[in-house]
Amino acid sequence: MTISNFNISSLKDDQNGAVAVLVAVILIVLLGFAALAIDLSNIFVAQNELQNAADAASLAGARFLYSDDGASINENANQIAYSAAIANSSEGNPVEVNWTSGNGGDVQRGHWSFNTKMFTPNDSTTPVDLWDVSSDELDADLNFINAIQVTVRRESTPITSYFARIFGFENFQKSATAVAYIGFAGTLTPHDVDQPIAICKESISQDGIYSCSIG
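Everything numeric in this text was worked out from a predicted model, so none of it was measured.

Draft legend 1. How the structure looks around the pairing of strand S3 (residues 107–113). Within S3, seven of the seven residues are buried, which leaves the element mostly enclosed by the surrounding structure. The sheet contact formed by S3 and strand S5 (residues 147–160) spans four bridges and is antiparallel. Bridge assignment links Arg 109 to a residue of S5, and that residue is Ile 148. Here S3 runs beside strand S4 (residues 118–121); their pairing, made up of four bridges, is antiparallel. From the neighbouring strand, Ser 113 faces S4, where its bridge partner is Met 118. Once S3 ends, the chain turns through four residues before running back antiparallel as S4, passing Lys 117 with a positive phi of about 60°.

In structure tokens:
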């Protein structure tokens, strides 16, 4: 009977090699998860900062969309929105807004449709007639300027990547867009407002006499 020699040390060396390969694979997987968690969190924070900047800018522009007397559309609303946008930062970097003047680029006046949820740029400065016009008619009228759209970016100063650059992702370019619109007045159901409302007598009377044509 022949007895074969079994080399225990050789088997041990083979196992060590297999474990080393397995550990290397696990480390790569763990590194990938670390890159995903850290970089995605960083992107989320930066994107949220961009959105806040776009929201603030569009609201600032919409506030001054019309002249004080309502007789004309305020062309300076774009400048107001732009100034509000670039006053913000993302990861300590000023946000980028591609606008210099006029009603083009990243800052635009226009029409927001409540039905289609779409914004249509329009550089008209002439208000439409609101008398005896239904809200549906206004909503469909693209000449009714009621909104400002602002886009802010991180392109020339992209969002920093950390672990993801190991896998070839150096930086991330992101943008955010917001539309602020002038809405229609709503209605209140009974008991929605439970505070007393006082009206000055002079605002609803003339020579001490009330008339329904006053106030």
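Draft legend 2. Focus on the sheet that holds S3. The antiparallel open sheet is built from four strands, whose spatial order is S4-S3-S5-S6. The open sheet terminates on both sides in strands that have one partner only, identified here as S4 and strand S6 (171–181). Across the sheet, the mean angle separating the axes of adjacent strands is 40° when strand polarity is ignored. Packing against the sheet, helix H2 (residues 77–86) makes contact with S3 and S5, and its axis sits at approximately 30° to S5.

About the thresholds
Residues numbered from 1 in each chain as written. Predicted model: local features only at pLDDT ≥ 70, side-chain atom pairs only at ≥ 80, totals over all residues. Heavy atoms only, no water. Buried < 20%, exposed > 50% of the residue type's maximum accessible area, 1.4 Å probe, protein only. Helix = DSSP H or I, 4+ residues; strand = E, 2+ residues; numbered from the N terminus. Pairing = 2+ DSSP bridges. Axes fitted to C-alpha atoms, helices over the stretch in contact; angles between N-to-C directions. Contact = heavy atoms within 4.5 Å.

Geometry only, nothing functional implied.
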